[in-house]
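Observations on the model geometry
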Amino acid sequence: MPKITYIVPDGTRFEVDAENGSTVMENAIRNAVPGIEAECGGACACATCHVYVDAQWADTVGQPEAMEEDMLDFAYDVQPTSRLSCQIIVRDDFEGLVVRIPERQA
């Protein structure tokens with residue numbers, strides 16, 4: 001189980017053990033990480049699970065696909081490493097992944 005660190009806007013860090021095959025969003029919800037609303041439940045139909053992937057992890061996590069890019073248009077303060085956490089599937093090589101949660105969700 002890779003360990004993922006979620007950093008909320010006030011700098012508080014939440015380290016969670018994430019199950020392979022689950023999503024970064026699901027692990028945030030299961031571990032009560034604040035700031036991930038996930039209103040659509042992970043269907044890539046909203047932008048309320050928006051995160052910033054730390055730059056050092058951007059290549060490993062990869063780029064959003066077309067549908068996710070469309071939904072990111074609705075996210076708050078989109079940055080080059082913005083992703084919807086419901087679209088990031090946890091893998092072994094995500095050990096140590098760091099994502100930051102924006103001040104608010106769309």
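Located above this text is the structure these notes cover.
The sections below set out a description of the structure shown in this document. (Residues numbered from 1 in each chain as written. Predicted model: local features only at pLDDT ≥ 70, side-chain atom pairs only at ≥ 80, totals over all residues. Heavy atoms only, no water.)

Focus on the sheet that holds strand β5 (residues 97-100)
- What the 5 strands build is an open sheet, ordered β2-β1-β5-β3-β4; its pairing is mixed. The open sheet has two free edges, formed respectively by β2 (13-17) and β4 (82-84), since each of these has just one partner strand. Adjacent strand axes in the sheet meet at a mean angle of 35° when their direction is disregarded.
- Two strands pair when backbone bridges link them, and strand β3 (residues 50-53) and β5 are joined in this way by 2 bridges, in the antiparallel orientation. Among the inter-strand pairings, Y52 is bridged to a residue of β5, identified as R100. (Pairing = 2+ DSSP bridges. Helix = DSSP H or I, 4+ residues; strand = E, 2+ residues; numbered from the N terminus. Axes fitted to C-alpha atoms, helices over the stretch in contact; angles between N-to-C directions.)

As for the pairing of strand β1 (residues 3-7)
- The element β1 is largely enclosed, with a buried count of 4 among its 5 residues.
- Pairing geometry for β1 and β2, over 5 bridges, is antiparallel. Counted as the bridge partner of I4 is V16 from β2.
- Pairing of β1 with β5 involves 4 bridges; the strand directions are parallel. Within the sheet, the bridge partner assigned to T5 lies in β5 and is V98. (Buried < 20%, exposed > 50% of the residue type's maximum accessible area, 1.4 Å probe, protein only.)

Brief notes about the pattern of salt bridges
- All told, the structure shown has 4 salt bridges when counted by the stated rule.
- Here R91 makes a salt bridge to D93, at a shortest N to O gap of 2.9 Å.
- Look at R91 and you get partly exposed, because its relative accessible area is 34%.
- By relative accessible area, which is 41% here, D93 ends up partly exposed. (Salt bridge = Lys/Arg side-chain N within 4 Å of Asp/Glu carboxyl O.)

A short note on the environment of A43
- Mapped onto the elements of the fold, A43 is located in the loop between α1 (24-30) and β3.
- A relative accessible area of 48% places A43 in the partly exposed class.
- Separated by 35 residues in sequence, A43 and V8 have C-alpha atoms that sit 23 Å apart.

Observations concerning the nonpolar core
- Within the largest apolar cluster, 29 residues are counted, with the highest numbers of intra-cluster contacts made by I4, Y6, V24, I36, L84 and L97.
- Every element with two or more residues in this core is listed here: β1, α1, β3, α3 (66-72) and β5.
- The element best represented in this core is α1, accounting for 3 residues.
- With near-sequence residues (within four places) excluded, I36 lies in contact with M25, A28, I29, T48, C49, H50, V51, S85, I101 and Q105. (Core = buried A, V, L, I, M, F, W, Y, C linked by side-chain atoms within 4.5 Å. Contact = heavy atoms within 4.5 Å.)

The values reported here are purely geometric and, on their own, carry no functional implication.
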